[in-house]
Amino acid sequence: MMTPTLRKHLSAPGLLKSVRQYFNKIADHRQSGSIEIPLPDALMSGLAIFSMKYPSLLKFDEQRHEPVIRSNLQHLYGVDQTPCDTQLREIADPVRPESLYPAYNALFGQLQKGKVLEQYRFLNGHYLVSMDGTGHFTSSNISCPECCIKEHRNGDVSYYHQLLAAVIVHPDRSTVFPFAPEAIVKGDGQTKNDCERNAAKRLLARIRKTHPKLPLIVVQDGLFGTGPHINLLKSLDIRFIIVVKEGDHQVLFDTIQNKYENDEMQECSYYDEDEEATFVLRFALDVPLNKSHPDLLVNYLEQTKVVDGEEQILFAWITDLKLDETNCHDVMRGGRARWKVENETFNTLKTQGYRLEHNYGHGQQHLATIFALLMMLAFFIDQIQESSCQLFRQARRRFRSRTSLWDRMRSLFVSYFIDDWMLFWQSIIRGHKAAKLYPDDPDLPHPV
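Below is a short write-up of the structure.

**Quick notes on the overall build of the protein**
And step 1. When helices and strands are counted, the protein shows 15 helices and twelve strands.
And step 2. Taken against the 2.2 N^0.38 rule, which gives 22 Å for 448 residues, the C-alpha radius of gyration of the protein at 25 Å falls within 12% of a compact globule.
And step 3. Counting only C-alpha atoms, the protein reaches 95 × 60 × 45 Å along its principal axes.
And step 4. In the protein, which comprises 448 residues, the proportion classed as buried is 52%.
And step 5. A sequence separation of at least 24 residues applies to 66% of the contacts in the protein between residues at least 6 apart.
And step 6. Surface accessibility of the protein: about 21,800 Å² in total, with carbon and sulfur atoms responsible for 47%.
And step 7. Computed over 52 positive and 56 negative side-chain charges, the inter-centroid distance for the protein is 6 Å.

Shown next, in the form of structure tokens:
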């Protein structure tokens, strides 16, 4: 069997090189005479921490002076000077989040050049983009000017940060590819909390500006089933599949009920062998969205499950995609792929070793957001490798869970001098020679 090789641009060394090139372009906020640790080294150190899934900055700080760690940071991440935990926080805190966006764009470009993104086309060549928000910091006593504030009924106050994520998904694929997320924080001079809807306006406009010709279908929850949001999507030439619920769209559902009564709903059914159940899809075209926007017409699709002869509505969506019996099943699958931003993104980041909700550092400017962006960047690199790097996939298959792989990676990273990523992956896949442990002291006898 031929030994797999690392793809030049779609494996760890190529991806990290691309990120480093854009980190090098970020203007350093410090005065030139006061720079001890270069900004790119600090950011790459942060990326290495999240790439190796260190549980805390303190744990990394305890090990960073070890010759093995310093060598591996240099050979694997290109870091010549490593900051301590305090230095890393001080250096990263004033960095503007938008300065990290080009690194995401660079990785996205590699997916396009490597034809990986082509595998994610769905519904007439479009890409599904699942969007949702999640929290990554909350505290009752730590805060910064960018914190959103929640006042509880008992008088207590909570401070929090959130992110709005947008990831390219495919119903048949477990890996996802994130765009740079949008921070949900208070801006300069703002007194009101930011929210998902405002963040979505910024994020969608940014995605369209960066990728003006990319055919997109955004998949969102019921929060975004509003006239202003749908008009925004239309202005950006982005198609949509959005969840709707009767409590939020009474006029829409009243119209659908009338169509039921007049036998105007179209339908098709299918049998799912995995669930051993029959499902029915019903749809209607050109339905008014709501009372406030009677001229804004959308198409309606619902999925019901037949159990013991009774039907139960599972999901309902509105879309601007023209529905018929040939595509309603795929539109349904696209709508249900919305959960991949929860399951394959947030759940992975919170429970599979990345520790999104752990407070690595809060700062007084942008630190919480910068760390979240670096963590998501490490996740992006892992997702690309899981989809495109044979060596990474072989290493992944050796373990039941991602966390077991991360544990092995970190164990080797702190214990062995590693010259390059090829040797790193091969040692995980095939095993490595054992070495006897003995103190580094010339006065002690060397073990036989």
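**Structural notes on the packing of aromatic side chains**
And step 1. If you walk through the whole model with that rule in mind, you get 18 aromatic pairs.
And step 2. Ring plane angle 15° and centroid distance 5.4 Å describe the contact between Tyr270 and Phe279, whose orientation is recorded as stacked.
And step 3. By relative accessible area, Phe279 is classed as buried at 1%.
And step 4. Pairing Tyr354 with Trp406 gives two aromatic rings, centres 5.9 Å apart and planes at 75°, and the pair type is edge-to-face. Taken together, the residues span a long stretch of sequence, with Tyr354 in the loop between helix H11 (340–351) and helix H12 (367–388) and Trp406 in helix H14 (residues 402–415) at a distance of 52 residues.
And step 5. What makes Trp406 buried here is its relative accessible area of 2%.
And step 6. A network of ring pairs unites the aromatic residues Tyr77, Phe392, Phe413, Trp421, Phe424 and Trp425 as a single cluster.

**Side note on the nonpolar core**
And step 1. Phe23 and Tyr77 are the most contacted members of the largest nonpolar core, which has 137 residues in total.
And step 2. The leading source of residues in this core is H12, at 13 residues.

**Observations concerning unusual backbone geometry**
And step 1. With a phi angle near 60°, Asp237 is a residue other than glycine that sits in the positive phi range.
And step 2. With respect to the helices, strands and loops of the structure, Asp237 is situated in the loop between helix H8 (227–235) and strand E8 (239–243).
And step 3. Classification of Asp237 by relative accessible area gives exposed; the value is 58%.
And step 4. Even without a glycine there, the phi angle at Asp286 is positive, about 55°.
And step 5. Its location among the elements puts Asp286 in strand E10 (residues 277–288).
And step 6. Accessibility expressed as a relative area gives 52% for Asp286, which makes it exposed.

**Some remarks on the packing of helix H7 (residues 196–210) against H8**
Packed helices, taken two at a time, are described by their axes: the angle between them and the distance between them.
And step 1. Here H7 crosses H8 at 5°, and the two axes come no closer than 11 Å. When the interaxial angle is binned, H7 and H8 end up roughly parallel. Contact residues: H7 offers Ala200, Lys201 and Leu204, while H8 offers His229, Leu232 and Leu233.

**Some points on H8**
And step 1. Inspection of H8 places Gly227, His229, Ile230 and Leu233 among the buried residues, and these make up the whole buried set. All buried residues of H8 lie within an arc of 165° about the axis, which places them on one face of the element. In H8, those exposed residues whose orientation departs by more than 90 degrees from the buried face are Pro228 and Ser235.
And step 2. Those residues of H8 that are buried are in contact with H7, strand E7 (216–220), E8, strand E11 (297–307) and strand E12 (310–319).
And step 3. Once H8 finishes, Asp237 follows within two positions and takes phi at roughly 60°, a positive value.

Conventions and cut-offs
- Residues numbered from 1 in each chain as written.
- Predicted model: local features only at pLDDT ≥ 70, side-chain atom pairs only at ≥ 80, totals over all residues.
- Heavy atoms only, no water.
- Helix = DSSP H or I, 4+ residues; strand = E, 2+ residues; numbered from the N terminus.
- Rg over C-alpha atoms; globule rule 2.2 N^0.38 Å.
- Buried < 20%, exposed > 50% of the residue type's maximum accessible area, 1.4 Å probe, protein only.
- Contact = heavy atoms within 4.5 Å.
- Areas by Shrake-Rupley, 256 points an atom, 1.4 Å probe, with all protein chains shown as cover.
- Lys, Arg positive; Asp, Glu negative; His and termini not counted.
- Charge placed at Lys NZ, Arg CZ, Asp CG, Glu CD.
- Phe/Tyr/Trp six-rings, centres within 6.5 Å; stacked < 30°, edge-to-face > 60°.
- Core = buried A, V, L, I, M, F, W, Y, C linked by side-chain atoms within 4.5 Å.
- Axes fitted to C-alpha atoms, helices over the stretch in contact; angles between N-to-C directions.
- Parallel < 35°, antiparallel > 145°, perpendicular 65-115°, else oblique.
- Arc of directions from axis to C-beta.

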